[in-house]
Amino acid sequence: MLTPLIARLVTLSIRRPGWIIVLSLLLAVLSGYYVVHHFKISTDISQLIETEPDWAARGNAIDAAFPQRGSTVLVVVEAQAPEFADAAANELATALAKNTQHFTTVSQPSGGDFFEHKGLLYLSTDKVADITQQLVKARPLINALAHDPTLTGLAGTLNTSLLLPLQLGQVTLGQMSNLLGKSADVLDNVLANQPAVFSWRNLVDTSATQPARAFVTVQPVVDYNALEPGASGSNAIRATANELKLSEKYGAVVRLTGEQPLSDEEFASLKDGAVLNGILTFIVVLVILWLALRSGKMIIAVFITLFVGLAITAALGLLMVHALNLISVAFMVLFVGLGVDFGVQFGVRYREERFKDDRLDVALVNTARHVGIPLTLAAAATAASFFSFLPTAYRGVSELGQIAGVGMLVAYVTNMTLFPALIKVFAPPGEAASPGFPKLAPVDDYLARNRTPVLIGTLVVVICALPLLLHLRFDFNPLNLKDPKTESMATLLSLKDAPEAAVNDVKVLAPSLEEADKIAAKLEKLPEVERATTLSTLIPADQPQKLDLIAAAASVLLPSLDQRVATPADDAVRVATLKRVSNSLELAADEHPGPGEAEARGLAATLKKLAAADAATRDRAEHAMSDPLRIALGQMRALLQPSPITLASLPKSMTESWLAADGHALVEASPKALDGKSRDDDKLLSRFANAVQKAEPNAIGGPISVLHSANTIIKAFEQAAAWSLIAIAILLWLTLRRIGDVLRTLIPLLVSAVVTLELCVVFDMPLNFANIIALPLMLGIGVAFKIYFVMAWRSGQTGLLQSSLTHAVMFSAATTATAFGSLWFSHHPGTSSMGRLLVLALFTTLIGAVVFQPVLMGKPRVRPKKVAETV
């Protein structure tokens, strides 16, 4: 009954083409105007999933109690020496705290004035005793260094405080080898005009890592209406670091990571290369359309129709959802990939009808009669597949489905009105030959003769491969979907298990600090938990004993550290001192062969070169050797003057991060590396999340939230797939009225889906948050292809492989694959994995439609003429 209506619609379009074109372009212009003035994209990823009220309440309660913990930036300050890293971080934190326009809170999680004074109290009592004893023993050296911390003073100290005891037998050259070797290395770099710094702390702490790091935690002001909400804050941090000249003064490098930069750079990686990718995609689609339509005028008509439909769909989408999200914005790629399909189907059939009858109007009307029902059914089925996302909790995809579903209806209407009107106006020349693949005729004959063995063989292979599905993986770690080459991700990976990163920590909100401590004690007993932290954890144990040890050392050392510093010597004295020490080192090497000899001769040669160099080079050596010493002496002075740590004496920023104003307290638990696995191993994190949640059901964040999101998303796609199949089955039944024909459409579709999942295992393509969208999406695309072949089969058509239908389907699939495949080349791993799976699913769907379905259907059924006409 629909065929005459569709034919009349096309007839009206070609009788009044001017009106149709003007009206369509007017709608497109108005839609474009609306889009330009109302376009909005929300980059708040927390809004992509609608969680259960109880789960949402947990997260909201923590956010409300500790708002300063959300959308943070972890500033990682790296330098060659910890003295320089700390100094640079202190300067940066002080400057950022003054910038209230871009930042709401600034803190130093393991640095700043608090830890510079009280850091020793967080060590064990035995460690404090060991450190203070070593410092007391080194009092003469510290006294000499504090009196003259210049290059001249260092050289003189080496001569008097080390080489003289060597002559007296109080020390050996081997005991001095580390100091001598490291000094030579640093000064050699200075002479080579390379970055160089001598770390006095690393001289004692051999476990120190390179580069040295210090951390600043910042909460920027974010704008979720921008594609990169925290970009202004990140730019302000980098600008401040440049203004402070941290690189020049300390050789410091500032790198950003944390929740906000990871999110921002994910969006940036989506844009990276998008323009070039889009241009290349357009060129490839243009070539495919030429191969399919063989007419420049028809290709122009296809693109005009496509752009008009896209503008209208974008306007309707914004009217429906008001603001696009990071997933629904992908409707444009889907519309291009699927919208072209209708144009190709109509255009290829038009070419065949034009070959049969050269009258343009007659060819267009006959095209409408032949493709009207298949296109209508395909558009309805594809739209139903998209609309199946609407009832799910995955809001991002739900809105995508809503917009894309409406877009399919828009694409159908424009291709049945505007497209034929444009063809009428452009009047492409007649066709010299009917489109198709006549060379595939032998394949048609072969499949017809061997239908049963091909059918059985295909099903046997598919069924025998079903055990592969047991190995199908879902990668729930969202970090694996981020570009490892971005600064934020590369920095996070370099931090490894640093507690400042804390990406895998989970949180529990307790009604009081006392309850928080009880929860922490319970969680720390779990073998999967490395540590559980509360505000009480920040109060170190055994403070009286530690304070006594520190006070005893301070009474000996502070007079040396507080003494008056000598006036710096001029360059001539500096040169003379360097030469004298060089000679002393050579003499020491001659008199004490064995361990340390090579280091002494190396430093002697280096000092001789430094003495012969220009003053500017010696100034650089002064900076490399003396500046870290001054900082280290200042840090030592601060560490020797701590005061007891109590809840009241903790910095306000630290207290507020763990104890809310209303008394609620936070517990954080970190995973433990087990069985030789890294803390970010997926199985280990899953085990950790399950163990913590079993012990404390109210825990949230980290892998617990990720697993919850994964379960929500998987459930959403299961629901969407079920609703899609039901809707498509009902639609097919209403149209085809035969259970057998419905099954002939659905079975190849399901077989293609199963094969796609089997190939995911073969090609090691785990499902993830991004690419899982491909599966229900391909139901809509796949059913369109299947419908075309079922309708052709019902009309009695044979030799389907060589027909114009296969010609249209193949080139239509090629354009869709190009649009989706362009995602494969994205720099964003999640988008790339989605494009890869979409292409794989499209390939299996195409094979199922073009090869398996004709074999499954067999010879066309002989149908009464009356029934044929009513369809």
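From a predicted model like this one, the values you see are computed outputs, not experimental measurements.

Turning our eyes to something else, we now look at the overall build of the chain. Regarding its fold elements, the chain presents 34 helices and 7 strands. By the compact-globule yardstick of 29 Å for 871 residues, the chain is too spread out, its C-alpha radius of gyration being 36 Å. In terms of principal-axis extent, the alpha carbons of the chain reach across some 120 × 65 × 55 Å. Evaluated residue by residue, the chain yields a buried proportion of 51% over its 871 residues. Taking the intrachain contacts of the chain between residues at least 6 apart in sequence as the baseline, contacts between residues at least 24 apart amount to 83%. If you sum the accessible surface of the chain, you get close to 38,800 Å²; carbon and sulfur atoms cover 62% of it.

Moving on to the nonpolar core. In this structure, L289, Y394, L585, L640, V692, L732 and Y788 are the most contacted members of the largest nonpolar core, which totals 217 residues. Top contributing element to this core by residue count: helix α18 (residues 395-426), with 15 residues. Not counting residues within four places of it along the chain, the set of residues in contact with Y788 comprises D341, F342, Q345, P374, L375, A378, L805 and V809. With 27 residues, the next largest nonpolar core counts A81, A89, F103 and V254 among its residues.

Moving on, we get to the packing of aromatic side chains. Tallied over the full model, the rule gives 11 aromatic pairs. Relative to F717, the ring of F389 has its centre 5.7 Å away and its plane inclined at 85 degrees; by these criteria the two rings are edge-to-face. Of the two residues, F389 is situated in the loop between α17 (360-387) and α18 and F717 in helix α29 (residues 702-736); the sequence distance between them amounts to 328 residues. Each of the two residues, F389 as well as F717, counts as buried. These aromatic residues form a ring-pair network of at least three members: F114, F115 and Y122. Seen from the ring of W658, R69 lies directly overhead, with NZ or CZ sitting 4.7 Å from the centre.

With respect to topology, 3 strands assemble into an open sheet ordered β5-β7-β6, the strand pairing being antiparallel. This sheet does not close on itself; its edge strands, each paired only once, are β5 (506-510) and β6 (529-533). When strand polarity is set aside, the average angle formed by the axes of neighbouring strands in this sheet is 20 degrees. Together, β5, β6 and β7 (665-671) form the strand contacts of helix α28 (residues 682-695), whose direction differs from that of β7 by roughly 145 degrees.

This next bit is on the environment of I62. With respect to the helices, strands and loops of the structure, I62 is situated in helix α3 (residues 53-65). Assessed through its relative accessible area of 9%, I62 is described here as buried. Sequence separation between I62 and L509 is 447 residues; the distance between their C-alpha atoms is 6.5 Å.

Bringing unusual backbone geometry into the picture now. Glycine aside, the phi torsion of most residues is negative, and most peptide linkages are trans. One non-glycine residue with positive phi stands out, namely K245, at about 55 degrees. Mapped onto the elements, K245 comes out in the loop between α11 (231-243) and α12 (246-250). One non-glycine residue with positive phi stands out, namely R294, at about 55 degrees.

The next point concerns the pattern of salt bridges. Where charged atoms from two side chains of opposite charge approach closely, those side chains can pair. For the structure shown, the criterion picks out 32 salt bridges. Here R349 makes a salt bridge to E352, at a shortest N to O gap of 3.5 Å. With R349 and E352 both in helix α16 (residues 331-356), this residue pair falls 3 residues apart, about one helical turn. Neither residue differs from the other here; R349 and E352 are each classed as buried. Ionic pairing is found between D764 and R473, a salt bridge with its closest N-O pair at 3.4 Å. Pair noted here: D764 is in the loop between α30 (739-762) and α31 (774-794) and R473 is in the loop between α20 (451-464) and α21 (487-495), with a separation of 291 residues, a long-range link. The exposure class of D764 is exposed, given its relative accessible area of 52%. Through salt bridges with shared partners, a single ionic network connects D571, R574, R618, D619 and E622.

Mean pLDDT for the chain: 86, with 95% of residues reaching 70 or above. Of all secondary-structure elements in the chain, the lowest mean pLDDT belongs to helix α34 (residues 865-870), at 38, while helix α2 (residues 17-38) reaches the highest, 95. Long-range and interchain partners of residues 864-871, a stretch whose pLDDT sits below 50, account for 8 contacts in this model, where long-range means more than four residues apart.

Next up on the list: the packing of helix α32 (residues 804-824) against helix α33 (residues 829-857). One can describe the packing of α32 onto α33 by two numbers: an axis separation of 7 Å at closest approach and a directional angle of 165 degrees. In terms of orientation, α32 lies roughly antiparallel with respect to α33. Judged by the twist between their axes, the crossing of α32 over α33 is left-handed. Across the interface between the two elements, T806, V809, M810, A813, T816, A817, F820, G821, L823 and W824 of α32 pack against T831, S832, M834, G835, R836, L838, V839, L842, L846 and V850 of α33. Within the contact of α32 with α33, the residues separate by chemical class into 13 nonpolar, 6 polar and 1 charged.

Before going further, it helps to examine the environment of L842. As for its position among the elements, L842 is in helix α33. Accessibility expressed as a relative area gives 2% for L842, which makes it buried. Counting along the chain gives 459 residues from L842 to A383, while the straight-line C-alpha distance between them is 17 Å. Other than its neighbours up to four places away in sequence, L842 contacts M778, I781, F785, A813, T816 and A817.

Where α17 contacts α18, the two axes come as close as 9 Å, and the packing angle between them is 175 degrees. When the axes of α17 and α18 are compared, the pair comes out roughly antiparallel. From α17, L360, D361, L364, G372, L375, T376, A379, T382, A383, F386 and F387 reach across to α18, where they touch G401, Q402, A404, G405, V406, M408, L409, Y412, M416, P420, I423 and K424. Split by residue class, the contact of α17 with α18 holds 15 nonpolar, 6 polar and 2 charged.

Here 4 strands make up an open sheet; going across it, the order is β2-β3-β1-β4 and the pairing antiparallel. Only two strands of the sheet have a single neighbouring strand rather than two, namely β2 (103-107) and β4 (253-257). Put simply, the sheet's adjacent strands are angled 25 degrees from each other on average, direction ignored. Examined bridge by bridge, strand β1 (residues 73-79) and strand β3 (residues 212-220) share 7 bridges and lie antiparallel to one another.

Quick look at the environment of A214 now. Residue placement: A214 occurs in strand β3. A214 gets classed as buried once you look at its relative accessible area, which sits at 6%. As for A214 and E83, which are separated by 131 residues in sequence, their C-alpha atoms are 9.6 Å apart. Apart from the residues within four sequence positions on either side, A214 is in contact with V75, V76, V77, A85, D86 and A89.

The rules we used
- Residues numbered from 1 in each chain as written.
- Predicted model: local features only at pLDDT ≥ 70, side-chain atom pairs only at ≥ 80, totals over all residues.
- Heavy atoms only, no water.
- Helix = DSSP H or I, 4+ residues; strand = E, 2+ residues; numbered from the N terminus.
- Rg over C-alpha atoms; globule rule 2.2 N^0.38 Å.
- Buried < 20%, exposed > 50% of the residue type's maximum accessible area, 1.4 Å probe, protein only.
- Contact = heavy atoms within 4.5 Å.
- Areas by Shrake-Rupley, 256 points an atom, 1.4 Å probe, with all protein chains shown as cover.
- Core = buried A, V, L, I, M, F, W, Y, C linked by side-chain atoms within 4.5 Å.
- Phe/Tyr/Trp six-rings, centres within 6.5 Å; stacked < 30°, edge-to-face > 60°.
- Lys NZ or Arg CZ within 6 Å of the ring centre and 35° of its normal.
- Pairing = 2+ DSSP bridges.
- Axes fitted to C-alpha atoms, helices over the stretch in contact; angles between N-to-C directions.
- Salt bridge = Lys/Arg side-chain N within 4 Å of Asp/Glu carboxyl O.
- pLDDT = per-residue confidence, 0-100.
- Parallel < 35°, antiparallel > 145°, perpendicular 65-115°, else oblique.
- Left-handed = near helix turned anticlockwise from the far one by under 90°.
- Nonpolar A, V, L, I, M, F, W, Y, C, P; charged D, E, K, R; others polar.

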